[in-house]
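Coordinate inspection notes
Listed here are the chains, written in short residue letters.
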Amino acid sequence: MATPKIELKGVTKRFGPKVVLDGIDLGVQPGESLVIIGGSGTGKSVTLKCILGLIHPERGSIKVDGQEVTRLSASAREKVNRKFGMLFQGSALFDSLPVWENVAFALIQGHGVGRDQAKKIALQKLAKVGLTKDVGELSPSELSGGMQKRVGLARAIAADPEIIFFDEPTTGLDPIMADVINELIVKTVKDMGVTTLSITHDMVSARKIADKIAMLYKGKIIWAGRKEDIDKSGNEFVDQFIHGRAEGPIKMEIAR
Amino acid sequence: MNPFALIGRFTILFLSEIGRLAEFAADALPSIITPPIYLRLTGEQLMRIGFYSLPVVGLTAFFTGGALALQIFIGGDRYGAESFVPQIVVLGITRELGPVMAGLMVAGRVSAAIAAELGTMRVTEQIDALVTLSTNPFKYLVAPRIVAAVISMPLLVAVADVIGVFGGWVVGTQSLGFNSSVYLKNTADFVTNSDVISGLWKAAAFGFIIALMGCYHGYHSRGGAQGVGGATTNAVVSAAILILATNYVMTSLLFSR
Ligand SMILES: Nc1ncnc2c1ncn2[C@@H]1O[C@H](COP(=O)(O)OP(=O)(O)OP(=O)(O)O)[C@@H](O)[C@H]1O
Ligand SMILES: [Mg+2]
């Protein structure tokens, strides 16, 4: 088997006394789409941020293309991050820049593309997520939540990265637009041969974009496998999650 | 609670804050001189920090110069020294009040604005987004603000010096009975280059403090709107205190004989 694009071994992260990740093991092969599912607050976003170097895990190893990335200098980290595109859960658009410049940011800053050329590419990417040219001139604060999400998506794919992280790409979108985005992700992966690691709560979306699915629960990956196998996982936690049942082994910490 | 434990905890918090600030400054300084250097952003900040502070700084200097002239006249009256108003006004403004008043006003305006902007970027993950787009936030956000503030402050203080003296002149000639040309001649004869330049050195130092405090508190803010509000307050208060302390140290160094 080829070197995994991303490989996590025993990654542990705590905030104060609270253990969020308790030894995560995860591998993503080149060209593969892995979707992480799991309850709210289980550490899915934290996992992505550890790979991106935004959060530093206490223990464990994270490799990108076989290269250990947990203790990199700032400049080496910059080089690794050139391989990545990231869609943040809250979009995280730069509100000081117009929409098109948000999308063109990596092209202008990272790849030295001229502003005119970068704008042209940015408008193409915006069209791919169903946004018109006029939207490009607006400020992010003038957009609806779902439009911001799509701009964030366009920004993540703008510089043609090798690896893309999608943190809940379809949350907050109407079902039709959600399907457009799912299609776009699938197509992007096929056309550009990129590797993706996505997070979602939306099982429809997960089934559509995933090759493999992994479930995170209490700081550990409790099940991972091909998406075809998820209905016969034999794991009662997974069953409860994918069918969205309140009753089951996963107890929500709420007063009843 | 045990008062010793309280003092101990406070000391540890204080020292760790100083450590974090030193670490921040050590990251910020090299980012100013190593490429990529964002000239366009630095220019934008020059406008926001320097140019738009002109009205505030000018008004402050005008009224400070005027009040200074009045006080010297009233106080000097007791010793028959009221004719020294022009000399003391220009000395007080260029050496102390120009840089300090401008520093405090710009701290209120700019440290707060920087802390609020960077703080909001932190809590909305925009700073994280910069990193994922392979852009160093120190070079993109911190360096342009520090450079712009260090360049702007001496220019602002030069303007404040002129307007402060002008404020003294207005009060002197309009209500204290000074002859206009005598007032100006006394001012010009008395002030030396080193008086003005010492004030400009202070201004550059204050500019550094103003931008550093704004960036530091904004960059490390957490916890939503309340956290950003706290960061803004801390930025202004710490910048003001550091400016006054630095002013004392620089005065004692620059004017020691
Ligand atoms: N910077 C931080 N400081 C302290 N605690 C944090 C921080 N970031 C995340 N956490 C905690 O880590 C846990 C996991 O957070 P994370 O954002 O990864 O959840 P998630 O699985 O993405 O949830 P959701 O599906 O709701 O987005 C949460 O309980 C959160 O309180
Ligand atoms: Mg999340």
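One can find the structure itself at the top, above this paragraph.
So, here is what we can say about the structure in this document. As the structure is a computational prediction, the values presented were derived from the model and not from experiment.

Cut-offs applied
- Residues numbered from 1 in each chain as written.
- Chains lettered and ligands numbered in written order.
- Predicted model: local features only at pLDDT ≥ 70, side-chain atom pairs only at ≥ 80, totals over all residues.
- Heavy atoms only, no water.
- Salt bridge = Lys/Arg side-chain N within 4 Å of Asp/Glu carboxyl O.
- Helix = DSSP H or I, 4+ residues; strand = E, 2+ residues; numbered from the N terminus.
- Buried < 20%, exposed > 50% of the residue type's maximum accessible area, 1.4 Å probe, protein only.
- Phe/Tyr/Trp six-rings, centres within 6.5 Å; stacked < 30°, edge-to-face > 60°.
- Contact = heavy atoms within 4.5 Å.
- Buried area = accessible area lost by both parts, 1.4 Å probe.
- Pairing = 2+ DSSP bridges.
- Right-handed = clockwise from strand over helix to strand, strands pointing away.
- 1 Å grid on protein atoms, 1.4 Å probe; cavity = no way out; pocket = protein on both sides within 12 Å on 5 of 7 lines; lining within 4 Å.
- Points joined across faces, edges and corners; volume = space filled by probe spheres on them.
- Nonpolar A, V, L, I, M, F, W, Y, C, P; charged D, E, K, R; others polar.
- Near = heavy atom within 4 Å.
- Polar contact = N/O pair within 3.5 Å; in protein donor to acceptor, adjacent residues only side chain to side chain.
- Axes fitted to C-alpha atoms, helices over the stretch in contact; angles between N-to-C directions.
- Parallel < 35°, antiparallel > 145°, perpendicular 65-115°, else oblique.
- Left-handed = near helix turned anticlockwise from the far one by under 90°.

1. Observations regarding the pattern of salt bridges
All names here are of chain A. Scanning the entire structure with this criterion turns up 26 salt bridges over all chains. A salt bridge links D160 to K125; the shortest N-O distance between them is 3.2 Å. Here D160, found in the loop between α6 (145–158) and β7 (163–167), pairs with K125, found in helix α4 (residues 115–128); they are 35 residues apart in sequence, far enough to count as distant. A relative accessible area of 48% means that D160 is categorised as partly exposed. We classify K125 as buried; its relative accessible area is 9%.

2. Here we look at the packing of aromatic side chains
All names here are of chain B. Under the defined criterion, the tally for this structure stands at 15 aromatic pairs over all chains. On the basis of an interplanar angle of 85° and a centroid distance of 5.4 Å, the ring pair of F62 and F63 is categorised as edge-to-face. For F62, a relative accessible area of 25% corresponds to the partly exposed category. Judged by its relative accessible area of 55%, F63 falls in the exposed class. Seen in terms of ring centroids, F138 and Y219 are 5.1 Å apart; in terms of plane orientation they differ by 45°. Their pairing is tilted.

3. Let's talk about the interface of chain B and chain A
How big an interface is tends to be expressed through the accessible area that disappears when the partners come together. Taken together, the contacts link 16 residues of chain B with 21 residues of chain A. Taking both sides of the interface into account, the surface hidden between chain B and chain A amounts to around 1,700 Å²; carbon and sulfur atoms contribute 56%. The largest contributions to the chain B side of the interface with chain A come from T132, L133 and S134 of chain B, which together make up 35% of the buried area. Linking chain B to chain A there are two salt bridges. Looking at which element gives the most residues to the side of chain B that touches chain A, the answer is helix α5 (residues 126–132) of chain B, with six residues.

4. Some words on the pairing of strand β8 (residues 195–199) of chain A
Residues and elements named next belong to chain A. Burial analysis of β8 places five of its five residues in the buried class, the great majority of the element. On β8, burial covers both faces: T195, L197 and I199 on one face and T196 and S198 on the other are all buried. As defined by bridge partners, β7 adjoins β8 across five bridges and the pair is classed as parallel. Residue pairing in the sheet places D167 in a bridge with I199 of β8. In the classification by handedness, the crossover that spans β7, the intervening helix α7 (residues 175–192) and the parallel β8 is right-handed.

5. A short note on empty space enclosed by the protein
Following the criterion strictly, the structure yields two cavities of 30 Å³ or more and no others. The calculated volume of the largest cavity comes to roughly 140 Å³. Considering the residues around the largest cavity, the lining is formed by 17 residues, among which F84, A106 and A159 of chain A together with T132 and L133 of chain B are closest to the centre. Looking at the lining of the largest cavity, the elements with two or more residues in it are β6 (84–87), α3 (99–110) and α6 of chain A together with α5 of chain B. Among the elements that line the lining of the largest cavity, the one with the most residues is β6 of chain A, at three residues. Here the residues of the lining of the largest cavity are counted per class, giving nine nonpolar, six polar and two charged.

6. Describing the site of ligand 1
All names here are of chain A. Close to ligand 1 lie 14 residues, the nearest being K18, S40, K44, S45 and Q89. Between ligand 1 and the protein, one listed contact pairs an oxygen atom with a backbone N or O atom of T42 at 3.2 Å. Measuring from an oxygen atom of ligand 1, one finds a side-chain N or O atom of S45 at 2.7 Å. The element contributing the most residues to the shell around ligand 1 is helix α1 (residues 44–52), with three residues. Tallied by class, residues from the shell around ligand 1 come to three nonpolar, eight polar and three charged.

7. A look at the packing of helix α8 (residues 193–219) of chain B against helix α9 (residues 224–254) of chain B
Residues and elements named next belong to chain B. Two numbers describe how α8 lies on α9: the axes approach to 9 Å, and their chain directions differ by 155°. As summarised for this structure, α8 and α9 are arranged roughly antiparallel, according to the angle between their axes. Here α8 runs over α9; the crossing is right-handed. Contacts between α8 and α9 pair S198, W201, K202, A205, F206, I209, I210, M213, G214 and H217 from the former with A231, N234, A235, S238, A239, L242, I243, T246, N247, M250, T251 and L254 from the latter. Of the residues in the contact of α8 with α9, the class split is 13 nonpolar, eight polar and one charged.

8. Here's the deal with the environment of D231 of chain A
Residues and elements named next belong to chain A. With respect to the element layout, D231 can be found in the loop between β10 (220–226) and α9 (236–243). Not counting chain neighbours up to four residues away, the residues in contact with D231 comprise R207, D239 and I242. Within the structure, D231 has its side chain in polar contact with the side chain of R207 (distance 3.1 Å).

9. Some thoughts on the layout of surface pockets
Considering only enclosed or pocket space, the largest pocket measures out at about 1,600 Å³ in volume. What lines the largest pocket is a set of 44 residues, among which G53, L54 and H56 of chain A together with R122 and Y219 of chain B lie closest to the centre. Counting residues per element, the ones that place at least two in the lining of the largest pocket are β1 (6–15), α1 and α2 (74–81) of chain A together with α1 (3–33), α4 (85–123), α5 and α6 (137–175) of chain B. Counting residues per element, the lining of the largest pocket draws most heavily on α1 of chain B, which supplies six residues. Split into classes, the residues belonging to the lining of the largest pocket amount to 18 nonpolar, 13 polar and 13 charged.

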